[in-house]
Amino acid sequence: MRSLVALSVVFLAASVSASSIFTVPLTKFSRPRMTGNLKRAFRAHRRARVSYLKTRTTSGQTTAPATNIFFSGYTTRVGIGNPPTYYNLVVDTGSSNTWCGASSPYVRTPTSIDTGEAVNVTYWMGNFSGEEYLDQVTLAPNLVLNNQSIGDALSYHDMQGFDGILGLGPVDLTLNSLSPDRNETIPTVMNNLVSQGFIKNQVLGVYFAPATNSSDTNGALTYGGADSSLYRGELTYVPMTDTYPASSFWGINVTLAMYGTDVVIPASTTGVIDTGTTQLLLADNFFSAYVNAIPGATLDSTTGLLEIPTSSIPLMQPLNFTMADRVFTMDVAAQLFPSNEDIALGGVAGKQYGVVGSLGYIGVKGFGFVLGVTFMERYYAVFDADASRVGFAQT
């Protein structure tokens, strides 16, 4: 599992020419080596995240840099209040509430407005509850939102190593998170960037790059469009699916997946693209087809990761996903965690662990895979809410 990475932001203001990009570097963020409770949390992450994804329903552009934290995901540095207090928030396209207070307490300022609502959200391996506020939110020096909804976490569970979450999923995911107004949705950061005139289009570009250490600034968020300097060639757009439950998130269809000449996903299957999931996860039947094609590959009982014998690595084949009539290839290197991550992953130094994992159930209609951080470290992703599509291009 890769770490939470802090993201930087580039802003293209509507009043500025398209060639003007303002980049804000972010501070590296590190977490302790995975041992004890962290190791158990890592093993439980896939099952809990998948359960959450299956059951949780319901003008210019800006780019921000990202830092890899503990080889598991990405965070972005966000200022809240005026004067702002800065928090490292997990970048999560699989949820939509934005909140802080897990590691550093929410600091109220004259711009903080208590809405009188309580907020409660359950995530992949944790939850938070607290009070909902409206406040000023600084995503970049020239990108300051007014009256953005922010949760103040008064209690939380299993939220280690970061301050909160920046929710970048569909707005309907905020339903049932407030009380007493459970039927009320909460405008997301992306909603308010459009309504307050900072960007014309509700489009988010995501760039991740493979980390070289456990706290690497190696990613970027682009608010309002795609940053063509961060990918090669043309974007291929895949329509969002109407099939439930993937349709509640950034759900798309893979029409075929092949490992070399072995079929992994034989027909059109619906799944999710998610920045909050570390690995590339496959339904058990698809995962078995993949594992059986790699000589000697077994699940490691300590980490829950796929362990691949060193002797099998020269024999490994590309893993190809077909979407929108284009093949997206995960070469052998992309299918493996770098060996210098073994200890951080809770494993044994010198062993080789694979990034492909199991969802923990047989594939069903509406949820057969999750393309997580390890896929997006190879392909730039564009989350286009206006056109109901997700774009991909090679980085």
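Treat the numbers as computed from the prediction; the structure is a model and nothing was measured.

(A) Up close: the packing of aromatic side chains. If you walk through the whole model with that rule in mind, you get 12 aromatic pairs. When the centroid spacing of 6.3 Å and the interplanar angle of 90° are considered together, the rings of F321 and F375 count as edge-to-face. Highlighted residues: F321 in strand 22 (residues 319–323) and F375 in helix 4 (residues 373–376), separated in sequence by 54 residues. In this structure F321 comes out as buried when scored by relative accessible area, which is 1%. Ring plane angle 40° and centroid distance 6.5 Å describe the contact between Y361 and F367, whose orientation is recorded as tilted. Taken together, the ring pairs connect F321, F328, F375, Y379 and F392 into an aromatic cluster. Taking NZ or CZ as reference, R77 lies 4.3 Å from the ring centre of Y86, over its face.

(B) Spotlight on the pairing of strand 7 (residues 113–122). Pairing of strand 7 with strand 8 (residues 127–140), which is carried by 7 bridges, proceeds in the antiparallel orientation. Each residue of the ladder has a partner; that of D114, found in strand 8, is Y133. With 2 bridges joining them, strand 7 and strand 11 (residues 178–179) adopt antiparallel strand pairing. Within the sheet, the bridge partner assigned to A118 lies in strand 11 and is S179.

(C) Highlighting the pattern of salt bridges. Taken as a whole, this structure holds 3 salt bridges when the rule is applied. Between D152 and R108 there is a salt bridge, and its shortest N-O distance comes to 3.2 Å. Of the two residues, D152 is situated in strand 9 (residues 143–157) and R108 in the loop between strand 6 (99–100) and strand 7; the sequence distance between them amounts to 44 residues. Since its relative accessible area comes to 48%, R108 is described here as partly exposed. Among the salt bridges present, the one from K351 reaches E307, with a minimum N-O distance of 3.7 Å.

The rules behind these values
Along each chain, residue indices are assigned from 1 in the same order as the chain's sequence is written. With the structure being a predicted model, the display of local features is reserved for residues of pLDDT at least 70 and the display and counting of side-chain atom pairs for 80 or more, all residues being used for whole-chain, interface and lining totals. Only hydrogens and water are removed before side-chain values are computed, so all heavy atoms of the structure are retained for them. The pairing test for Phe, Tyr and Trp rings, Trp by its six-membered ring, is centres within 6.5 Å, and the orientation test on the planes gives stacked under 30 degrees, edge-to-face over 60, and tilted for anything in between. Counting from the N terminus, the helices are the DSSP runs of H or I reaching at least four residues and the strands are the DSSP runs of E reaching at least two. Only protein chains enter the accessibility calculation, which uses a 1.4 Å probe; a residue whose area is less than 20% of its type maximum is buried, one above 50% is exposed, and one in between is partly exposed. Any Lys NZ or Arg CZ that is within 6 Å of a ring centre and within 35 degrees of that ring's normal is treated as a charge sitting over the ring. Between any two strands, at least two bridges found by DSSP are needed for them to pair. Any carboxyl oxygen of Asp or Glu within 4 Å of a side-chain nitrogen of Lys or Arg constitutes a salt bridge here.

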